[in-house]
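Here is how the chains run, residue by residue.
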Amino acid sequence: RDGLPKGHSPIHTSFFSWRSTELAQAVVDAGAVPLLVLCVQEPEVALKRIAASALSDISKHSPELAQTVVDAGAIAHLAQMILNPDAKLKRQVFSALSQISKHSVDLAEMVVEAEIFPAVLTCLKDPDEYVKKNVATLMREISKHTPELSQLIVNAGGVAAAIDYIGDCRGNVRLPGIMMLGYVAAHSESLAMAVIVSKGVSQLAICLSEEPEDHIKAATAWALGQIGRHTPEHARAVAVANVLPKLLSLYMETETSEDLQVKAKKALKNILQKCTYLPALEPLLHDAPSNILKHVVGQFSKVLPHDSKARRLFVTSGGLKKIQEIKAEPGSALKEFINSINNCYPEEIVRYYSPGYSDTLLDRVEQYQPII
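Rules behind the numbers
- Positions within a chain are numbered from 1, following the residues in the order the chain's sequence is written.
- Since the coordinates come from a predicted model, pLDDT governs what is reported: local features require at least 70, and pairs of side-chain atoms require 80 or more to be given and counted, while whole-chain, interface and lining totals use all residues.
- Excluded from the side-chain calculations are hydrogens and water; all other atoms, namely the structure's heavy atoms, are used.
- A run of H or I in DSSP counts as a helix once it spans at least four residues, and a run of E counts as a strand once it spans at least two, with each numbered from the N terminus.
- Residue burial is assigned from relative accessible area. The probe radius is 1.4 Å, only protein chains are included, and a residue is buried under 20% of its type maximum, exposed over 50%, and partly exposed in between.
- Ring pairs shown here join Phe, Tyr and Trp side chains whose ring centres sit within 6.5 Å, with only the six-membered ring taken for Trp; geometry is labelled stacked below 30 degrees between planes, edge-to-face above 60, and tilted in between.
- Every residue carries a pLDDT, the predictor's confidence in it, which falls somewhere between 0 and 100.
- A contact between two residues is defined here by any heavy atoms of the two lying within 4.5 Å.

A short note on unusual backbone geometry
Thought 1: Residues Phe117 and Pro118 are joined by a peptide bond in cis, for which omega reads 5°.
Thought 2: By the element assignment, Pro118 lies in the loop between α8 (105-112) and α9 (129-143).
Thought 3: We note that Lys199 has phi near 70°; this positive angle belongs to a residue other than glycine.
Thought 4: Secondary-structure assignment places Lys199 in the loop between α13 (189-197) and α14 (200-210).
Thought 5: Positive phi outside glycine occurs at Asn242, with the angle close to 65°.
Thought 6: Mapped onto the elements, Asn242 comes out in the loop between α16 (232-239) and α17 (244-252).
Thought 7: For Asn242, a relative accessible area of 54% translates into the label exposed.

So, the packing of aromatic side chains
The geometry of an aromatic ring pair is captured by the separation of the ring centres together with the interplanar angle, meaning the angle of the planes.
Thought 1: Inspection of the entire model under this criterion finds three aromatic pairs.
Thought 2: Both rings, one in Tyr183 and one in Trp222, keep their centres 5.2 Å apart while their planes meet at 70°; by these two values the pair is edge-to-face. Taken together, the residues Tyr183 in helix α12 (residues 175-187) and Trp222 in helix α15 (residues 214-228) connect sequence positions 39 residues apart.
Thought 3: Take Tyr183: its relative accessible area is 23%, and that puts it in the partly exposed class.
Thought 4: The exposure class assigned to Trp222 is partly exposed, which follows from its relative accessible area of 21%.

Description of the confidence of the model for the chain
Thought 1: Summary statistics for the chain give a mean pLDDT of 90 and a share of 92% for residues scoring 70 or more.
Thought 2: The low-confidence segment residues 1-8 (pLDDT under 50) makes twelve contacts with residues lying over four places distant or belonging to another chain.

Put into structure tokens, the structure is as follows:
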């Protein structure tokens, strides 16, 4: 404490560091970082809090500033306090580790090497909302970088813990947990499957339905798209949670934000392009606009030629009739898909389900001269 520049307590340091990169750099150039690391080691909890907060504020601005904090040995001392009973201190500790981790793979790996997993996962159940949110943010910032870092979190039980976390909280506190699941799933088929196996899809589907805020729905839609975009198996896992109609309605609602509409559309297309589970696709035939409809019809055109049971079901469910009612531009992809589907059936069946065919039949009845 005595070593800080005259008139500058850790509170002043944190205040200046928070305001801009230039002020944070000035604080670093004044030699404050090693002194803040000393303050973190002081027995007085209030001083620890302020020093951790200042380190967080310095680290957030750039990779270079975060590296300065790391080079001063801050990570090891911050990591020792993750299970401290003081909630306000833990908030700052997790915030600082998050701000360091967010900048690069190397910095995130250095945080992970401090062996904070699996111990930090217990803090996802902390009674303090800010502690929980900051832990989830830390996990998000680490998992976004590489498949290897995500795998480390999965191996520690982090995905299951994050799913429980988003089930236990509401609103903005959920957001980093939702995004963390999306980042994990984005990396690879196996990591996305880890989210599926841990029942992540059903929990995200609940978030999509019950969250009123557009930005949280947008993040949830994005995460579901990252899970479902890998293979037909992944897409089916998302589709059976009945999120496709919800994503479609969010895309089509005029009152929703542009960001939500974009994310819902992108997620829908990501999932549709892999989905071969036709019962989940059929409701979209009736509601989707043409730019989405072409992806739905495209999937039917891929599956029906190779599956006789699906072809029969497509007739009895009214799908084939609906296909005949779609007005597609000649030469368009949609028209090509419709032709591919129609080629799976005898010509008289297609004719029977075409609009106006019943009138044609009635005309023939009227014109028919019975043989007496």
